[in-house]
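Letter by letter, the chains look like this.
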Amino acid sequence: MQRIPELFARMAGDEKHEWAAASTIDVLWVLYDKVLNVTPATVADPDRDRFLLSKGHGPMAYYAVLAEKGFIEESILDDWTSWDSPLGQHPDRVLVNGVEISSGSLGHGLPIAVGTAIGQRVAGSRGRTFVLVGDGELDEGSNHEAIAVASRLGVANLITIVIDNRSAMYGWPGGIAQRFAVEGWQTAEIDGRDHEAVFTALTAPHDRPYAVVAKIEKSY
Amino acid sequence: MTTMRQAFVKAVNDEIAADPRIAVVTAVISSNEFPQENERVVDVGIREQTMVGVASGLALAGLRPVVHSYAPFLVERPYEQIKLDIGHQDVGAVFVSIGASYDDPAWGRTHQSPGDVALFDTLPGWTVHVPGHPEEVTPLLQRALKDDNRVYVRLSLHENTEPHPVGEGFTTLRHGKRGVVVAVGPMLDRVLKAVECENADVTVLYAATVRPFDSDGLRKAVQDTDHADVMVVEPYLEGTSSHLVSETLQQIPHRVRSVGVKRHAELRNYGTAEDHDAAHDLDVVGLGSAVRSFFRG
């Protein structure tokens, strides 16, 4: 992960510490470094793990990790968001190698993830679907449709990671994990900055849909 | 007698066992018509946003999803999901609606969707079929199931007495010199009757597919008349296709009359579909009056 600050700086300019503030950076790093069964050579393999970034806002951490892992050229970070750059403030799957969904509008990734996970199951694939959402994003009602459906349909190869930096306007009384647990999901709550904890949680066995709530202290 | 909906269900169920690509996603409505034991048949409960999202995910995983509900719940409620989860993800799907503009008007405004085709018209890359007879549904569906594009099929309880071939472009059913009438889907029989009643010397084109719009077919039909006067009769929001008529005829002076479900008022009436046809001047009397006044002189 040593090169992440340098890659981040190619997008963020002089904001030397911005990378550390990114709420998703640690989870993204652990996912791509140790958890996801996908490489630049297998981005079209039907048996790959699929990672869906639903919370598409603030994608610098995502692009930095994709660059470090060889999915995209580092050089394209420099002029990101320019007219003909493939990299925008929200990722576009048609433009960026390795990006599974185009996101930006909140509340779309989780329902789509239910579909890709069912598609993997139908294909007899061992692939799993990981989807990352934000706690503020959970305000969108579409997520709650999908949380209920995923469990009722027994979509066991679906893992939702909720980055909880307490962005939701009115919060989630009782905790976010409870919202999933009551619908029959397996859940875990972890420190979203602790790589060991993130790895352990994301590789824990589960026989039903699984939600990992990664808590992040809001900083800066 | 087979309805369009029954023809649709049969076309899907005939193919789903043989073609491992086909999936069906519903939100309760019509779900009992499809083989629920098939793992490619998914009902999500009354959750239309997730219905479209799940279809997107299935398409991303290489399947060919058929997405089906009553028109307002298929198109209007999850409109942003259609825009982003299907179009922006650059995947294909076959959306099939029932209910049309006001097939069951006793249910009121909540179950009426005259704006569905106009909404699809805001999004690039959609093929839109508006069949006028159950026997037209089968070939349209069979082709859509084999393809990987984005397709909307608008089914209705209203239908013409005879099916017509459903090829790529418009079908010419009548030749005249005074102008051209384009009749979309279930409007055809009424248009033909109105034209006959008025003794109008017009060409009548039949369209079961409105997107892509058969510009070449319309241009050729207009060239064979003495007046570049075009009336478009659509069973949904009036003027939905008028921008394409204008674009088609931009090189020549022309007149356009757009006929369809009126935009000006929120009708708070129940009654029958025929009552609503009359209210929107989409019955034979109203269409005859439109033909008479537009093709005068």
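Residues numbered from 1 in each chain as written. Chains lettered and ligands numbered in written order. Predicted model: local features only at pLDDT ≥ 70, side-chain atom pairs only at ≥ 80, totals over all residues.

Naming follows an unreviewed UniProt entry, where chain B appears as Transketolase of Lentzea waywayandensis.

Under an unreviewed UniProt entry, the name given to chain A is Transketolase, and the source organism is Lentzea waywayandensis. If you open the UniProt record of chain A and go to Cofactor (unreviewed entry), you find "thiamine diphosphate". (UniProt positions renumbered as here; feature names shortened; annotations may be inferred.)

Participant: Tell me about the packing of helix 3 (residues 25-35) of chain A against helix 4 (residues 60-68) of chain A, residues and numbers included.
Facilitator: Residues and elements named next belong to chain A. Orientation of helix 3 relative to helix 4, taken along the N-to-C sense of each, is 25°, at an axis distance of 9 Å. Overall, the two elements helix 3 and helix 4 adopt an arrangement that is roughly parallel. For the element pair helix 3 and helix 4, the recorded crossing hand is right-handed. Facing I25, L28, W29 and Y32 of helix 3, the residues of helix 4 in contact are A61, Y62 and V65. Partitioned by chemical class, the residues of the contact of helix 3 with helix 4 number seven nonpolar, no polar and no charged. (Axes fitted to C-alpha atoms, helices over the stretch in contact; angles between N-to-C directions. Helix = DSSP H or I, 4+ residues; strand = E, 2+ residues; numbered from the N terminus. Parallel < 35°, antiparallel > 145°, perpendicular 65-115°, else oblique. Left-handed = near helix turned anticlockwise from the far one by under 90°. Contact = placed C-beta atoms within 7 Å. Nonpolar A, V, L, I, M, F, W, Y, C, P; charged D, E, K, R; others polar.)

Participant: Run through the interface of chain A and chain B, naming residues and quoting values.
Facilitator: By a widely used convention, the size of an interface equals the accessible area lost when the partners come together. Of the residues lining the interface, 23 residues belong to chain A; the matching set on chain B comes to 25 residues. For the side of chain A that touches chain B, the elements supplying multiple residues, two or more each, are helix 5 (109-122) and helix 6 (141-152) of chain A. Of all the elements, helix 5 of chain A adds the most residues to the side of chain A that touches chain B, at ten residues. When its residues are assigned to classes, the side of chain A that touches chain B shows 13 nonpolar, eight polar and two charged.

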